[in-house]
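For reference, the chains in residue letters:
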Amino acid sequence: MHVLRTFAALLTGCLIALSSPALAQSEATAKSGTSVKVDAFKSGWIMLPQDSTLGFVSVKNDSKVEMNNFATFTGTISETGDVQLRVALDSIDTKIDLRNVRMRFLFFETFKFPEAVVTAHIDPALLSDLMVARHMSLNLPFTLTMHGVSKDMTADMSLTLITNNKVVVSGIGVIPVAADDFGMLPNVTKLDEAAKVKVVPVGSVTFEGIFARNGSPAADGALASATGAAAAKEGQGDLDSAMCKDRFDTLSHAGNISFSTGSAKLDVAGSSALDTLLHVAKRCLAMKIQISGYTDDIGPPADNLALSTRRAAAVMAYLSTRGVDAKRLTATGYGADNPLVPNDTEENRSRNRRIEFKVLE
């Protein structure tokens, strides 16, 4: 899908930046014509996020174009040529709070997978001409790890040497990435349904990165940035009514609260989603929240109604025993009523077995 495709291209651009420092030196010829041996990776290199940008363009409903970026990312290259780029996915910045929340909770599922990581190794022999040419292009293999899946890819990159201690890097073109390669096709469906849009499966990325040699004045403190949820582009403290409603609606679409088969016992595999729910509930102190349970249509209606009621009550108990005032919470079961999709396949039935949230005030 487009969002995943553009995100991978974005990471490609970053990877480019990471590889550029290595280009900054190796076998080079000085202006005097004398051959000079320079250690390309001496002291290592650090990306300067304050001077770098990671952006991508998303398109929905064929014609709606939106500019987005990630606010928090770090990059390093070791003395041995090992590259690592880390992107805090919670730092997605679409300029609209609701879109940020949907991307975090529905698409990236940052409560389980808070970051994306790019790794690569750079052969100094590929960089031998940069000291003279000051600009070059390079194709580099790398590994992208996202959503618990690692995939080997390649990236085209453009590198421009400013000084022996600084380099500017930008990506060339867009890398297509299939959502199912990272197990994210269901996430795309959730995102489309929540926003009531269709994401166009094409995209483009803009990136400009500056890297400084480690130990140089410019590199001091470059890695001191927020990570995980602390990087989220939103205010701290209590959330207002609109922000609370947006978050609970998004958590309803996430479908990540699960139970043991046929029971109302919360599945520990969903603990990260429950922790996210708890965090949101504690930031919506003035709101009353209705918790609704639903099942598929397998089994007697009365049993389904009872099971859905117990499951909603289990979520309510989880919140109330962890500091959320029980007076703010109600739990209701609806059995197989109001299915999201027809109960005609196992996949559809699993989507209909869900917990939803509604802010009452």
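Because the structure is predicted, anything quoted here is derived from the model rather than measured.

## Overview of the overall build of the protein chain
Then, in step 1: Helix and strand counts for the protein chain stand at eight helices and 16 strands.
Then, in step 2: Within the protein chain, buried positions represent 50% of all 361 residues.
Then, in step 3: In the protein chain, of all internal contacts separated by at least 6 residues, the share reaching a separation of at least 24 is 73%.
Then, in step 4: Accessible surface, the protein chain as shown: approximately 15800 Å² in total, 54% of it carbon and sulfur.

## Section: the nonpolar core
Then, in step 1: Core analysis: the biggest nonpolar cluster contains 45 residues, and F70, F108, F142 and L144 have the highest contact counts within it.
Then, in step 2: Grouped together as the second largest cluster of nonpolar side chains are 30 residues, L239, L278, L319 and L329 included.

## Focus on the state of the cysteines
Note on terminology: a disulfide is the covalent bond linking the sulfur atoms of two cysteines.
Then, in step 1: Taken as a whole and judged by the stated rule, the model has one disulfide.
Then, in step 2: Disulfide pairing is shown between C244 and C284; the S-S distance is 2.1 Å. Taking the torsion about the sulfur-sulfur bond, which here is approximately -110°, the covalent link between C244 and C284 counts as left-handed. Highlighted residues: C244 in helix α5 (residues 241-254) and C284 in the loop between α6 (271-282) and β14 (289-294), separated in sequence by 40 residues.
Then, in step 3: Exposure remark for C244: the relative accessible area of 0% places this residue in the buried category.

## Topic: α6
Then, in step 1: The end-to-end C-alpha distance of α6, which contains twelve residues, comes to 16 Å, matching closely the 16 Å that a straight helix rising 1.5 Å per residue would cover.
Then, in step 2: Those residues of α6 not exposed but buried are S272, A273, L274, T276, L277, L278, V280 and A281.
Then, in step 3: Residues of α6 that are buried in the fold lie against α2 (97-108), α5, β14, α7 (301-320) and β16 (354-359).

## A closer look at the packing of α6 against α7
Then, in step 1: Close contact between α6 and α7 brings their axes to 10 Å; oriented N to C, the two are set at 60°. Handedness of the α6/α7 crossing: right-handed. Taken together, the residues of α7 that come into contact with α6 (itself represented by S271, L274, D275, L277, L278 and A281) are V315, Y318 and L319.
Then, in step 2: Its residues assigned to classes, the contact of α6 with α7 comprises seven nonpolar, one polar and one charged.

## Let's talk about the pattern of salt bridges
Then, in step 1: For the structure shown, the criterion picks out 17 salt bridges.
Then, in step 2: Among the salt bridges present, the one from R247 reaches E234, with a minimum N-O distance of 2.4 Å. With a gap of 13 residues between them, R247 in helix α5 and E234 in the loop between β13 (204-213) and α5 connect regions that are remote in the sequence.
Then, in step 3: With relative accessibility at 17%, the residue E234 sits in the buried group.
Then, in step 4: Salt bridges here are not isolated pairs; linked through shared partners, they connect D90, D97, R104, E234, R247 and R283.

## Comments concerning the sheet that holds β14
Then, in step 1: Reading across from one edge, β15-β14-β16 is the order of the three strands in this open sheet, with mixed pairing throughout. Of all the strands in the sheet, the pair left with one neighbour each is β15 (329-333) and β16. Pairs of neighbouring strands in the sheet enclose a mean axial angle of 20°, with direction left out of account.
Then, in step 2: Across the sheet, α5 lies against β14 and β16, angled at about 170° from β16, the strand it touches most.

## Looking at empty space enclosed by the protein
Then, in step 1: Per the stated rule, a full pass over the model turns up two cavities of 30 Å³ or more.
Then, in step 2: Here the largest cavity is characterised by a volume of approximately 70 Å³.
Then, in step 3: Along its surface, the largest cavity is lined by F111, L251, A254, N256, I257, A273, T276, L277 and F357.
Then, in step 4: Residue assignment for the lining of the largest cavity shows that the elements contributing at least two residues are α5 and α6.
Then, in step 5: Its volume calculated, the second largest cavity comes out at about 40 Å³.
Then, in step 6: Lining the second largest cavity we find L251, G255, N256, I257, R353, R354, I355 and F357.
Then, in step 7: Considered class by class, the residues forming the lining of the second largest cavity number four nonpolar, two polar and two charged.

## What to know about the packing of aromatic side chains
Then, in step 1: Counted according to the given criterion, the structure contains four aromatic pairs.
Then, in step 2: Here the aromatic residues F70, F107 and F108 are joined through ring pairs into a cluster of three or more.
Then, in step 3: R322 extends its terminal NZ or CZ atom over the ring of Y318, reaching a point 3.8 Å from the ring centre.
Then, in step 4: Cation over ring: R354 sits above Y294, and NZ or CZ is 3.9 Å from the ring centre.

## Digging into the layout of surface pockets
Then, in step 1: Size it by volume and the largest pocket reaches roughly 720 Å³.
Then, in step 2: Taken together, 31 residues line the largest pocket, and the ones lying closest to its centre are G255, S350, R351, R353 and R354.
Then, in step 3: For the lining of the largest pocket, the secondary-structure elements that each account for two or more residues are α4 (185-195), α5, β14, α7, α8 (346-352) and β16.
Then, in step 4: Of the residues in the lining of the largest pocket, the class split is nine nonpolar, eleven polar and eleven charged.
Then, in step 5: Approximately 290 Å³ is the volume attributed to the second largest pocket.
Then, in step 6: The set of elements that each furnish at least two residues to the lining of the second largest pocket consists of α2 and α6.
Then, in step 7: In terms of residue count, α6 provides more of the lining of the second largest pocket than any other element does, three residues in total.
Then, in step 8: Grouping the constituent residues of the lining of the second largest pocket by class yields six nonpolar, five polar and five charged.

What counts and what doesn't
- Residues numbered from 1 in each chain as written.
- Predicted model: local features only at pLDDT ≥ 70, side-chain atom pairs only at ≥ 80, totals over all residues.
- Heavy atoms only, no water.
- Helix = DSSP H or I, 4+ residues; strand = E, 2+ residues; numbered from the N terminus.
- Buried < 20%, exposed > 50% of the residue type's maximum accessible area, 1.4 Å probe, protein only.
- Contact = heavy atoms within 4.5 Å.
- Areas by Shrake-Rupley, 256 points an atom, 1.4 Å probe, with all protein chains shown as cover.
- Core = buried A, V, L, I, M, F, W, Y, C linked by side-chain atoms within 4.5 Å.
- Disulfide = S-S within 2.5 Å.
- Expected span 1.5 Å × (residues − 1).
- Axes fitted to C-alpha atoms, helices over the stretch in contact; angles between N-to-C directions.
- Left-handed = near helix turned anticlockwise from the far one by under 90°.
- Nonpolar A, V, L, I, M, F, W, Y, C, P; charged D, E, K, R; others polar.
- Salt bridge = Lys/Arg side-chain N within 4 Å of Asp/Glu carboxyl O.
- Pairing = 2+ DSSP bridges.
- 1 Å grid on protein atoms, 1.4 Å probe; cavity = no way out; pocket = protein on both sides within 12 Å on 5 of 7 lines; lining within 4 Å.
- Points joined across faces, edges and corners; volume = space filled by probe spheres on them.
- Phe/Tyr/Trp six-rings, centres within 6.5 Å; stacked < 30°, edge-to-face > 60°.
- Lys NZ or Arg CZ within 6 Å of the ring centre and 35° of its normal.

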